[in-house]
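# Structure assessment
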Amino acid sequence: MATNAGTSPTAGSPRVLVVGAGPVGLTAAHELARRGLRVRVVDGAPGPAPTSRAVAVHPRTLETFDQMGLVDGLLARGRKNRAFTMFARGRRLVRLEADYRSMPTRFPYTLVIGQTETEEVLREAVARLGVCVEWGVRLTSLEQDRDTVRARLEHADGSTEEYEVPWLVGCDGGHSTVRKELGLPLLGESSETWALADAAVSLDLPPDTIYWAHTGSQAMMMVPYQREGYWRLLDTAPAGRSETPREAAERFSEKLSTGLGRPVQVAEPDWTSVFTFQQRMVPRMHDGRCFVAGDAAHVHSPASGQGMNTGIQEAYNLAWKLAMAALGQAGRELLATYGQERVPIGKKLLGSVRKATFLVQFKNTLAGVGLPVAFTFVRNIGPLRRAIQRKVLGGMSGLLLSYPESPLTTADPLMAVPAGSRAAAAAGRHPDDPGSEALRAELRDTRWSLVWAAQDEPGEAGRVAAATAAAHGTWLSVRTAGDGLGGGPAPLPDPNGLLRRSLDLGPGGWVLIRPDGYIAASGTALTRRGLARALAPLGAAAALPDVIRDAVRAPRVTAPPVAAGAVATPSGTRASVPLLDPASTASPELRDTVETSPRVLEGTR
């Protein structure tokens, strides 16, 4: 079975500078290094952060960590949360249970884990790939031209360094130097002042849910850590002055006791933070050879725990595209799709976070009276409660995120599984089935995946699959899903047929999955024309060579596998293969802007 779990960087591999060693920068570094690029990670801090801002890893991010091969290390350190319970002035209003039946996933919960522990897992992972964080190294300025980024770095001892690199990824937080140097404005507004604290809490409620408690004038939240008796606390109306740890503990105890209607004793917090959050984002995320991700691109309220999760998704989206472009496996135009896909998601995120912020803090003075009445209906009307559960969870989980309008998406109205949606949903429908396990393993591959459903007589589909594997195997994994019949390349076990059913694949059907696990295209019959159309947005480097067409026309002639772009001649030498028409008419220097049409890269599809 051909797999590509990762490629070790070599001396001639393209180089990338990642600025920022938080979870977003470490995700980018891991995925770039896993694809064979040489990565340097610098961070101006003296060392790893000792405290955690983010504490929630949502289901889609857990799927991402699974594809990165890291999820088990995180699950061992966190607490699985499957419920959200609401109180007002001592009265329990409703308990909303996790309901992911309409969003199949192997991870039907939010993992509560401190950001410091998430970062530790990621640091250990990048170290195994030969990447070590350089602490105390701060980016002070940068400039770029068509071929190079020149970064000025300042070390902890005051010395400076001029570092030239082909690519730079800025994951350096809300005060990002990379963003400022690129002249990217952070547009939006300031918002509320909240307080966070980590403390031991004594109360007679089980730690199997997140608690929201309204005192009658303001709201509090409690999130249980895996460590017994230890909680993350959120106060939406903190004191307007500095407090001692004892004063903070007394204030939290009093408010939580009022909201939950029972004695609550909060110990002196190990850590507190009072901050005014903002709701802002950049209009574009890519300028030349430089990119921004995470808080460097958007900042917002912690109300629904989206910041870190969104940043990790951005880094994962960017890394495979940058690797393909840097390695010459796709055209530079692929890089524009990073912002084209992620900027709209950022806009939607700001809108949803504003709503979540309003609901979490709920400052209305009538809340103590109105909330019990409203949630009596929610609690007693099952369909309404389930609809709210799906709505809330769908927004927070990331499982509904899709790319139907992406230039990389080729829709087929005849297919039940929509292009642009996540392939992991198919593995989540029957998580213990051998076919689901096989797809889960396939999604850990760093390459694209072409999954073709076996049929008794492979015909053109089988020849196209085999020739594609021979031509583009370095970046495209071609698998034959079935029960052993069909004779296609690299069997993907599906003895019960449940995987093919989940992917809506009849005999000869196919699905093309991006390296980040989203479906790019699918069809009822694998043909050279259909596959070429789906791969066209990657540029001429990813075009299907004419040898595939020749294989279809003359199936009895068997050609030995050759590298992409070359074919064996009768004399044994190699000659270049005429490629298909260029995949895109867009300029290789296309800048990623909000105004760019989402279909500008389709070219001659």
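Residues numbered from 1 in each chain as written. Predicted model: local features only at pLDDT ≥ 70, side-chain atom pairs only at ≥ 80, totals over all residues. Heavy atoms only, no water.

Here the focus is the pairing of strand 26 (residues 519–523). Regular strands place their side chains on alternate faces of the sheet. For strand 26, the buried fraction is high: five of the five residues fall into the buried class. Here four bridges tie strand 25 (residues 510–513) to strand 26, and the two strands are oriented antiparallel to one another. Counted as the bridge partner of Ile 513 is Ile 519 from strand 26. (Buried < 20%, exposed > 50% of the residue type's maximum accessible area, 1.4 Å probe, protein only. Helix = DSSP H or I, 4+ residues; strand = E, 2+ residues; numbered from the N terminus. Pairing = 2+ DSSP bridges.)

Right, let's talk about empty space enclosed by the protein for a bit. Here the structure, examined in full by the defined rule, presents two cavities of 30 Å³ or more. Space inside the largest cavity adds up to approximately 80 Å³. Mapped onto the lining of the largest cavity, the elements with two or more residues apiece are helix 2 (59–68) and helix 11 (424–429). The element best represented in the lining of the largest cavity is helix 2, accounting for three residues. Residues of the lining of the largest cavity, tallied by class, amount to four nonpolar, two polar and five charged. Taken as a whole, the second largest cavity encloses approximately 40 Å³ of empty space. Along the walls of the second largest cavity sit Arg 60, Gln 313, Tyr 316, Asn 317, Arg 342, Tyr 403, Asp 516 and Tyr 518, which together make up its complete lining. For the lining of the second largest cavity, the element with the highest residue contribution is helix 7 (residues 307–326), accounting for three residues. For the lining of the second largest cavity, the residue count by class is three nonpolar, two polar and three charged. (1 Å grid on protein atoms, 1.4 Å probe; cavity = no way out; pocket = protein on both sides within 12 Å on 5 of 7 lines; lining within 4 Å. Points joined across faces, edges and corners; volume = space filled by probe spheres on them. Nonpolar A, V, L, I, M, F, W, Y, C, P; charged D, E, K, R; others polar.)

What follows deals with the sheet that holds strand 12 (residues 167–170). One open sheet accounts for six strands, arranged 8-2-1-12-20-19; its pairing is mixed. Every other strand in the sheet has two partners, leaving strand 8 (133–135) and strand 19 (286–287) as the edge strands with one partner each. Across four bridges, strand 1 (residues 15–19) lies against strand 12 in parallel orientation. Looking at the pairing, Val 16 lines up with Trp 167 of strand 12. Of the strands in this sheet, strand 1, strand 12 and strand 20 (290–292) are in contact with helix 7, which crosses strand 12 at around 175 degrees. (Contact = heavy atoms within 4.5 Å. Axes fitted to C-alpha atoms, helices over the stretch in contact; angles between N-to-C directions.)

Let us look at the packing of helix 2 against helix 7. Helix-helix packing is described using two parameters, namely the angle between the two axes and the distance between the axes. Where helix 2 meets helix 7, the closest approach of the two axes is 10 Å, and the angle between their N-to-C directions is 40 degrees. Here helix 7 runs oblique to helix 2, going by the angle between their axes. The interaxial crossing formed by helix 2 with helix 7 has left-handed handedness. Here helix 2 contributes Arg 60, Thr 61, Thr 64, Phe 65, Gln 67 and Met 68 to the contact with helix 7, which in turn contributes Asn 309, Ile 312, Gln 313 and Tyr 316. (Parallel < 35°, antiparallel > 145°, perpendicular 65-115°, else oblique. Left-handed = near helix turned anticlockwise from the far one by under 90°.)

A word on the sheet that holds strand 25. Spatial strand order, 24-23-22-25-26: five strands in an open sheet with mixed pairing. The sheet is open, and its two edges are formed by strand 24 (491–493) and strand 26, each paired on a single side. Across the sheet, the axes of successive neighbouring strands diverge by a mean angle of 25 degrees, strand direction being ignored. Packing of helix 12 (residues 434–442) onto the sheet brings it into contact with strand 22 (448–453), strand 23 (476–482), strand 24 and strand 25, and relative to strand 24 it is tilted by some 130 degrees. Taken strand by strand, helix 15 (residues 528–535) contacts strand 22, strand 25 and strand 26, and its axis lies near 20 degrees from that of strand 25.

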